[in-house]
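A closer look at the structure
Each chain, letter by letter, is given below.
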Amino acid sequence: MTAAREPLVRIAPSTADILRRCYPGQLPAQVLARAVRMLADADGHLAPDGRIKRGVGGRNETRRQA
């Protein structure tokens, strides 16, 4: 069985510049992973134990079309 590959994410040149200048010596994928976790936590999508919330407070319910 083959190990799952990490998803390929393309970033804007300005984001690459921020990563290179503000986080020298750190792997960009690790910096972005921390940023996504912090954003999800700040937006209320994570439970205190780090699990993704379901239903109210999470964003996993079906949305109505505008």
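Before reading further, recall that the structure is shown in the block above.
In this text the structure is predicted, and so the values were computed from the model without any measurement. In this numbering scheme, every chain counts its residues from 1 along its sequence in written order. Given that the model is predicted, a residue must reach a pLDDT of at least 70 before its local features are reported, and side-chain atom pairs must reach 80 or more before they are shown or counted; all residues, however, enter totals for whole chains, interfaces and linings. Where side-chain values are given, they derive from all heavy atoms of the structure, hydrogens and water being excluded.

1. Topic: the environment of Val9
The criterion, for reference: Strands here are runs of E lasting at least two residues and helices are runs of H or I lasting at least four, both read from the DSSP assignment and numbered beginning at the N terminus.
You can see Val9 is positioned in the segment before helix H1 (13-22). Taking the C-alpha atoms as reference points, Val9 and Ala29, separated by 20 residues in sequence, lie 9.1 Å from one another.

2. Some words on the layout of surface pockets
The condition that has to hold: Buriedness of a pocket was judged along seven lines, with at least five required to meet protein on both sides within 12 Å; pockets are open sets of points on a 1 Å grid over the protein atoms alone, cavities are sets where a 1.4 Å probe fits but cannot get out, and lining residues have an atom within 4 Å of a point. Grid points are joined across faces, edges and corners, and a volume is the space filled by probe spheres set on the points. Classes in brief: Ala, Val, Leu, Ile, Met, Phe, Trp, Tyr, Cys and Pro nonpolar; Asp, Glu, Lys and Arg charged; the others, Gly included, polar.
Computed from the structure, the largest pocket encloses a volume of approximately 210 Å³. Glu6, Pro7, Val9, Ile11, Leu19, Pro28, Ala29, Leu32 and Ala33 together form the lining of the largest pocket. Among the elements that take part in the lining of the largest pocket, helix H2 (residues 28-42) stands out by supplying 4 residues, more than any other. Here the residues of the lining of the largest pocket are counted per class, giving 8 nonpolar, no polar and 1 charged.

3. A look at the pattern of salt bridges
Counted only if it meets this: A pair is scored as a salt bridge if a Lys or Arg side-chain nitrogen falls within 4 Å of a carboxyl oxygen belonging to Asp or Glu. Any residue under 20% of the maximum accessible area for its type is buried, any over 50% is exposed, and the rest in between are partly exposed; the area is computed with a 1.4 Å probe on protein chains only.
If you walk through the whole model with that rule in mind, you get 3 salt bridges. Of the charged contacts, one joins Arg21 and Asp17 as a salt bridge, the two residues approaching to 3.5 Å between their closest N and O atoms. With Arg21 and Asp17 both in helix H1 and 4 residues apart, this pair spans about one turn of that helix. Given the relative accessible area of 25%, Asp17 is considered partly exposed. Note that Asp49 and Arg51 form a salt bridge whose closest N and O atoms lie 2.7 Å from each other.

4. Re H2
Residue pairs three or four apart in sequence face the same way in an α-helix, which turns once every 3.6 residues. Filter applied, for reference: In this scheme, a helix's expected span is set at 1.5 Å multiplied by one less than its residue total.
Helix length check: H2 (15 residues) gives 21 Å between terminal C-alpha atoms against 21 Å at 1.5 Å per residue, within 8%. Backbone geometry just downstream of H2 places Gly44 in the positive-phi region, at approximately 85°.

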